[in-house]
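# Structural features, examined
Single-letter residue listing:
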Amino acid sequence: MIVSLVLGACGSNSKEAVLKKTSNKWTETKGYDLTAQMEIKSGAEPRTYDVNVWHTKPDFYRVAVAQQGEKDSQMIIRNEDGVFVVTPSMKKTYKFQSDWPKQNSQAYLIGALAEDLKADENAKMTESDKSYVFEVKTRNNHSKMLPYQQIFIDKKTLLPTKVSVLNEAKEEQIVITFKKISLGTSRKGTDYAVEDFSKKGANDKGTTDETATKENATDEKAEGTTTEKENAKDDSGKTSENATGEEKEGTKSVTGDAQAGAEIENPEFQTHYPVLKWDNVKMTDEKTVASADGERRILTFEGDKPFTVIEQAANTNPLSVPVFAPGDPADLGFTIGAITDNSISWEKNGVSFFIATNSLTREEMVEVASSMVNGEVK
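Throughout what follows, the structure given in this document is the object of discussion.

The rules behind each value
Residues numbered from 1 in each chain as written. Predicted model: local features only at pLDDT ≥ 70, side-chain atom pairs only at ≥ 80, totals over all residues. Heavy atoms only, no water. Buried < 20%, exposed > 50% of the residue type's maximum accessible area, 1.4 Å probe, protein only. Helix = DSSP H or I, 4+ residues; strand = E, 2+ residues; numbered from the N terminus. Contact = heavy atoms within 4.5 Å. Phe/Tyr/Trp six-rings, centres within 6.5 Å; stacked < 30°, edge-to-face > 60°. Lys NZ or Arg CZ within 6 Å of the ring centre and 35° of its normal. Pairing = 2+ DSSP bridges.

It is worth spelling out helix H6 (residues 362-371) at this point. Listing the buried residues of H6 in full gives Glu364, Met365, Val366, Val368, Ala369 and Ser371. For H6, the secondary structure elements touched by its buried residues are strand E15 (307-313), strand E18 (336-339), strand E19 (343-348) and strand E20 (351-356).

Below is the structure:
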């Protein structure tokens, strides 16, 4: 019986042992390349994205995201000059003074996953025949809506194969399936030059591994399917019409500084409405104002959590030069935006969106933004 117990103990790994091994493997490498598929299941129809990541220590990143079936892509790039969001089709590049991704964990970055595993003292581990499965808390802008994630780790390679992001009811909302992870890659700083990507796009500058030197490359098969200060209130605490930006400088940030994340321009400008199930919050005003950039729609919401939504048709940037954007890049799932403590902005389907508030948290702003994807009518 003693022999059996010893053999049994040798045949299994404790949670602590697995965490130590995976953390060392994922974070001590000098760099990595990976390809993954991200499926977002929330909304009327699931949406699937191809994700390609380059990382070179200590702080160089390039994340390219493209929706399957669409020609447009977006990239988050971090190099020695800062953090950038690039949308080649719109000729738009936004620069952030941000420490992304340190304060905004992303499930497709394996270093961020390692930090998620270490940060949750109550992480739970189960085992299947081929995988260790960890359930841990999320640490990003979606953590209120999507508080949990399951990380599947291959027992042989100790690399992640899948991440399932769950809502409060433990229902799967985002699935990331890792197709290939190549550890030990190293790229030159010039490979992360923003101007190259803003002109050509992700698919024209080596989404393959040809420019990287490698010490180790591992193909992974998945076990399942896959995938951040505007003042909008007056002293009385109500939403102020100054947020419409008719005469204030704040309007400029709607179409410039605060904008980030874009897709193809749509000549038809249709108003979008947030679909929220919040008590004591309702839309009290809707109006259209004229501006030099075209019509602008202003939606005012009041109640326990007041906020203002500003929408207008998106325009391309003929200069294709970086524009400063306050806050941090915010991966909204369907696009990459910009978020501060008091605003969030993004572009989607030819429409620029800007939400200003003094009442919502960052997580709640993300919730409003996410609800507008499918909220095309009241």
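Next, the rest of the story.
What follows covers the environment of glutamate 168. Within the secondary structure, glutamate 168 is located in the loop between strand E10 (160-166) and strand E11 (172-183). Residue contacts for glutamate 168: discarding those within four places in its chain leaves Lys144, Met145, Pro147 and Tyr148.

One pass over the structure, following the stated rule, counts seven aromatic pairs. Here the aromatic rings of tryptophan 54 and tyrosine 192 are separated by 6.0 Å at their centres, their planes lie at 90°, and the arrangement is edge-to-face. Of this pair, tryptophan 54 sits in strand E2 (residues 47-56) while tyrosine 192 sits in the loop between E11 and helix H4 (194-200), and the two are 138 residues apart along the sequence. The buried category is assigned to tyrosine 192, whose relative accessible area is 0%. Between the aromatic rings of tyrosine 61 and tryptophan 100, the centroid separation amounts to 5.7 Å while the plane-to-plane angle is 70°, which identifies the pairing as edge-to-face. Separated by 39 residues along the polypeptide, tyrosine 61 in strand E3 (residues 60-67) and tryptophan 100 in the loop between strand E6 (92-96) and helix H3 (110-119) bring together distant segments of the chain. Tryptophan 100 shares its class with tyrosine 61; the two are buried. Among the aromatic residues, ring-to-ring pairing joins Trp54, Phe60 and Tyr192 into one connected group. The ring of tryptophan 54 has arginine 187 lying over it, and the distance from NZ or CZ to the ring centre is 3.7 Å. Cation over ring: lysine 305 sits above tryptophan 278, and NZ or CZ is 4.7 Å from the ring centre.

What follows is about the environment of valine 366. Position of valine 366 relative to the elements: it lies in helix H6. Considering only alpha carbons, one finds valine 366 and isoleucine 339, 27 residues apart in sequence, at a separation of 8.7 Å. Non-local contacts of valine 366, meaning those with residues more than four positions away in its chain, are made with Asn141, His142, Met145, Leu332, Ile339 and Ile344.

Turning our eyes to something else, we now look at the pairing of E3. Across the eight residues of E3, seven count as buried, placing the element largely inside the fold. Looking at chain direction, E2 and E3 are connected through eight bridges and run antiparallel. Its bridge partner lying in E3, valine 53 is registered against valine 63. The antiparallel pairing of E2 with E3 creates a hairpin that spans three residues between the two strands.

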